[in-house]
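# Results of the structural survey
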Amino acid sequence: MCIRDRQFQVGEILLETTGICAPCSSLEKNLGAEGYNSARGHGGITAKILQSGQIKIGDVVKLALIS
């Protein structure tokens with residue numbers, strides 16, 4: 001499944017995925033002992049901002065329709 005170059009919107013912000021972000025050992029530094037083990041298998045994505053704006057609690061995340 002290709003995750004790169006997909007655009008999505010959160011609130012007013014338009015983003016584009018740039019890759020997958022798997023958990024790494026830096027979680028130990030940020031979350032303490034067992035930080036990495038607790039996050040294993042629960043990675044995320046990296047994205048670039050195409051249009052800035054505000055995100056509010058309750059905003060929906062949706063795929064952007066590209067015409």
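The structure under discussion appears in the preceding block.
Residues numbered from 1 in each chain as written. Predicted model: local features only at pLDDT ≥ 70, side-chain atom pairs only at ≥ 80, totals over all residues. Heavy atoms only, no water.

## Notes on the overall build of the chain
Definition in use: Secondary structure is summarised from DSSP: a helix means a run of H or I of at least four residues, a strand means a run of E of at least two, and numbering begins at the N terminus for each. Our radius of gyration is a C-alpha quantity, and the globule rule it is checked against amounts to 2.2 Å times the number of residues to the power 0.38. Three exposure classes are used, based on accessible area relative to the maximum for each residue type with a 1.4 Å probe and protein chains only: buried under 20%, partly exposed in between, and exposed over 50%. What makes two residues a contact is simply this: any of their non-hydrogen atoms within 4.5 Å. Residue burial considers only the protein chains on display, and all accessible areas are found by Shrake-Rupley using a 1.4 Å probe.
What the chain contains, in helices and strands, is 2 helices and 4 strands. Secondary structure elements of the chain occur, N-terminal to C-terminal, as β-β-α-α-β-β. Here the C-alpha radius of gyration of the chain, 15 Å, is well above what a compact globule of 67 residues would show, namely 11 Å. Evaluated residue by residue, the chain yields a buried proportion of 16% over its 67 residues. Looking at the chain alone, contacts between residues at least 24 apart form 62% of all its contacts between residues at least 6 apart. Accessible area for the chain stands at about 5,300 Å²; split by element, carbon and sulfur atoms hold 55% of it.

## Points about the sheet that holds strand S3 (residues 44-51)
Basically, it comes down to this: At least two DSSP bridges between two strands are needed for those strands to be called paired. To obtain each axis, a line is fitted to C-alpha atoms, and for helices this fit is confined to the stretch in contact; angles are then taken between N-to-C directions over 0 to 180 degrees.
A sheet is described by the order of its strands in space; here 4 strands give the open sequence S3-S2-S1-S4, paired in antiparallel fashion. Looking along the sheet, the strands with just one partner apiece sit at the ends: S3 and strand S4 (61-63). Between one strand and the next, the sheet's axes are offset by a mean angle of 40°, whatever the strand orientation. Inspection of the sheet shows strand S2 (residues 13-21) paired to S3 by 7 bridges, in the antiparallel sense. Residue Gly19 lies in a different strand from S3, and its bridge partner there is Thr46.

## Some points on the environment of Leu63
The residue Leu63 is located in strand S4 in this model. Taking relative accessible area as the criterion, Leu63 reaches 61% and is therefore assigned exposed. Measuring from C-alpha to C-alpha, the distance between Leu63 and Ser52 comes to 16 Å, with 11 residues separating the pair along the chain.

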